Amino acid sequence: MELAVFNSVDREEAIRTLTPCLDISRWVETIVDARPYASVDELLGQAQRAAEPFTPAEVESAMAHHPRIGERPKAQTTEAAMSRSEQAGVDPGDNHTTAALAEGNRAYEEKFGRVFLIRAAGRSAEEILSTLQERITHTPEEEDTIVAGQLREIALLRLSGLISEGVNA
């Protein structure tokens with residue numbers, strides 16, 4: 001969507017547009033209610049400010065929508081399509097890595113009570129697996145901080161891919 005269009009659509013449509021980036025109502029509404037934006041950079045700056053900090057309840061709510069790394073969501077939603085694209089570096093045909101990720105996901109979920117979250121875009125399966133193995137050694141408090149940061153990175157990446165300057169920029 002071009003920035004000019006995003007600036008001009010009604011509030012409800014703007015909210016529907018941004019929600020797949022990160023399903024945290026406060027974050028989405030803060031961005032939508034600050035329109036109009038003069039540039040995508042201004043929009044991303046507002047999104048970054050609105051994302052710091054996320055409350056523990058916001059993180060927990062947003063995590064409910066994230067699939068396990070290595071498990072491609074099958075739903076035909078915008079959020080699922082974004083997730084499939086972001087996980088492009090994880091080859092489902094690589095049985096060794098897929099099995100290691102599944103085992104790591106189970107261990108992580110047992111320890112922390114939530115799925116392992118990482119900004120997968122631009123990362124190889126081996127890098128994701130290595131990070132998973134490192135992060136499983138963290139305390140819950142350390143992980144809470146990292147997970148909130150990963151949610152911010154994912155949201156900003158999705159937003160930057162969703163809204164463009166347009167042809168007149």
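Residues numbered from 1 in each chain as written. Predicted model: local features only at pLDDT ≥ 70, side-chain atom pairs only at ≥ 80, totals over all residues. Heavy atoms only, no water.

1. Here we look at the side chain of Arg135
Right, on to step 1. Structurally, the position occupied by Arg135 is in helix α8 (residues 125-135).
Right, on to step 2. Looking at Arg135, its side chain comes within polar contact range of the main-chain oxygen of Leu117, at 2.8 Å.
Right, on to step 3. Excluding anything up to four places from it in sequence, Arg135 contacts Tyr108, Phe112, Phe116, Leu117, Ile118, Glu143, Ile146, Val147 and Gln150. (Helix = DSSP H or I, 4+ residues; strand = E, 2+ residues; numbered from the N terminus. Polar contact = N/O pair within 3.5 Å; in protein donor to acceptor, adjacent residues only side chain to side chain. Contact = heavy atoms within 4.5 Å.)

2. Describing the packing of helix α5 (residues 56-63) against helix α9 (residues 140-162)
Right, on to step 1. Contact pair α5 / α9: the axes reach a minimum separation of 11 Å and the direction vectors enclose 60°. What the angle tells us is that α5 and α9 run oblique. The element α5 and its partner α9 pack so that their crossing is left-handed. Facing Val59, Ala62 and Met63 of α5, the residues of α9 in contact are Val147, Ala148 and Leu151.
Right, on to step 2. Split into classes, the residues belonging to the contact of α5 with α9 amount to 6 nonpolar, no polar and no charged. (Axes fitted to C-alpha atoms, helices over the stretch in contact; angles between N-to-C directions. Parallel < 35°, antiparallel > 145°, perpendicular 65-115°, else oblique. Left-handed = near helix turned anticlockwise from the far one by under 90°. Nonpolar A, V, L, I, M, F, W, Y, C, P; charged D, E, K, R; others polar.)

3. Quick word on the packing of helix α7 (residues 95-112) against α8
Right, on to step 1. Contact geometry for α7 and α8: axes closest at 10 Å, N-to-C directions at 25°. On the basis of the axis angle, α7 is roughly parallel to α8. Taken as a pair, α7 and α8 cross one another with a handedness that is left-handed. Facing α7, whose interface residues are Thr97, Ala100, Leu101, Gly104, Asn105, Tyr108 and Phe112, α8 presents Ala125, Glu126, Ile128, Leu129, Leu132 and Arg135.
Right, on to step 2. Looking at the contact of α7 with α8 residue by residue, the classes come out as 8 nonpolar, 3 polar and 2 charged.

Limitation: the analysis is restricted to geometry and does not speak to function.
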